[in-house]
Amino acid sequence: MKNLAERSAGSLYWWLLATLFLPIAIPGLVLKLLTMMKEQRNARHLNGKVVLITGASSGLGEALAHSFFLAGCKVVLAARRKDELERVRKDLLELHATVPTHPPIILPLDLSDLNSIGGKVQSVLEIHGAIDILVNNGGISVRGDALSTAIDVDIRIMLVNYFGSVALTKACLPSMMARKEGRIVSISSVQGKFAIPHRSAYSASKHAMQAFCDSLRAEVAKDNIKVTLISPGYINTALSLNALTGTGASYGKMDAATAGGASPQDTASSILKAIARDEKDVMLAPIAPRAAYWLRHLMPSVYFWIMKKRAEKLNST
């Protein structure tokens, strides 16, 4: 009798568990399955797409070039350093010799030279006839408090990170709108979601890009143009090495946070998945930056206190 009672109690337990949780679990599983199917379908559609990537000479831009190339895309490598672009192009062709795609095109491009951007885009259109995906990845960072950062440095950061990307986006949009197809991908930062001390110019440029993308997304939806904003945390690249100081000199140091950041390859893979899922605004960051983001909005007084303490610590070193 005892065993029978135990079996009955066990059966009742599992029945109650199924009754309570299956109605919740099944829709979640169905949604996940549908998302995976959409991701696989859109990933296949990347084959043959023309992808223009800025900042493609190193770091995340170089990793993105490899990821898009492996997906069968016609990759256009854009950056200031032509010799480094040549190296990336050579690596793509040698490391992925069996990939049935088109040889990458090199596009020397200085995002701070706004007047040259239209002509650069036109040269790509003359070769490929279209730019299906624009990846605004090129940019520079800065290390310095707001007061001692020269206004020329603020202007330079905004010129490259914001106005250069905006100008390139505007140059690509007419052909996309005419074809009723295209995607703008902008690589922002978690510092475009919330700001930290000694990053005022950089954070401001990324905040500006966030606002631009949010407005643009709504405006071009009628033309079937997608806008994806990616906000990564720290990535193990040369961003801090190439950063500027408040005087405009080269910072030339590898920050510990940057050195311990995510790999460019993993980040690039996540970005392609976000595109395949047709996501609009993605934060690719560990728990600490995500917590800071929600703290900024839900408990701003606590966030402000933490940032004040962080600034005091930086000022004392």
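Here, every reference points to the structure presented above.
What you see is a predicted model; the values in this text were computed from it and never measured.

Peer 1: Hey, could you run me through the environment of Asp83 in this one?
Peer 2: Within the fold, Asp83 resides in helix α3 (residues 82-95). On a C-alpha basis, the gap between Asp83 and Ser57 in space is 8.6 Å, while along the polypeptide they are 26 residues apart.

Peer 1: Mind showing me how you'd approach the sheet that holds strand β7 (residues 225-232) here?
Peer 2: Pairing between sheet strands relies on hydrogen bonds along the backbone, with the strands arranged either parallel or antiparallel. Read from one edge of the open sheet, seven strands run β3-β2-β1-β4-β6-β7-β9, paired in parallel fashion. Only two strands of the sheet have a single partner each, and these edge strands are β3 (105-108) and β9 (281-284). Between one strand and the next, the sheet's axes are offset by a mean angle of 15 degrees, whatever the strand orientation. Pairing analysis gives three bridges linking strand β1 (residues 50-54) to strand β4 (residues 133-136), with the strands arranged parallel. Directly across from Leu52, in β4, lies its bridge partner Leu134. Helix-sheet contacts for helix α2 (residues 59-70) involve β1, β2 (74-79), β4 and β6 (182-187), and the interaxial angle to β1 is about 170 degrees.

Peer 1: Would you explain unusual backbone geometry in this entry?
Peer 2: Most of the time, phi is negative for any residue but glycine, and the peptide bond is trans. Although it is not a glycine, Lys180 adopts a positive phi angle of roughly 60 degrees. Of note, Lys180 is situated in the loop between α5 (151-179) and β6. Among the residues examined, Lys180 registers a relative accessible area of 44% and is labelled partly exposed. At His198, a position not held by glycine, the phi torsion is positive, near 70 degrees. When you line up the elements, His198 lands in the loop between β6 and α6 (200-220).

Conventions and cut-offs
Residues numbered from 1 in each chain as written. Predicted model: local features only at pLDDT ≥ 70, side-chain atom pairs only at ≥ 80, totals over all residues. Heavy atoms only, no water. Helix = DSSP H or I, 4+ residues; strand = E, 2+ residues; numbered from the N terminus. Pairing = 2+ DSSP bridges. Axes fitted to C-alpha atoms, helices over the stretch in contact; angles between N-to-C directions. Contact = heavy atoms within 4.5 Å. Buried < 20%, exposed > 50% of the residue type's maximum accessible area, 1.4 Å probe, protein only.

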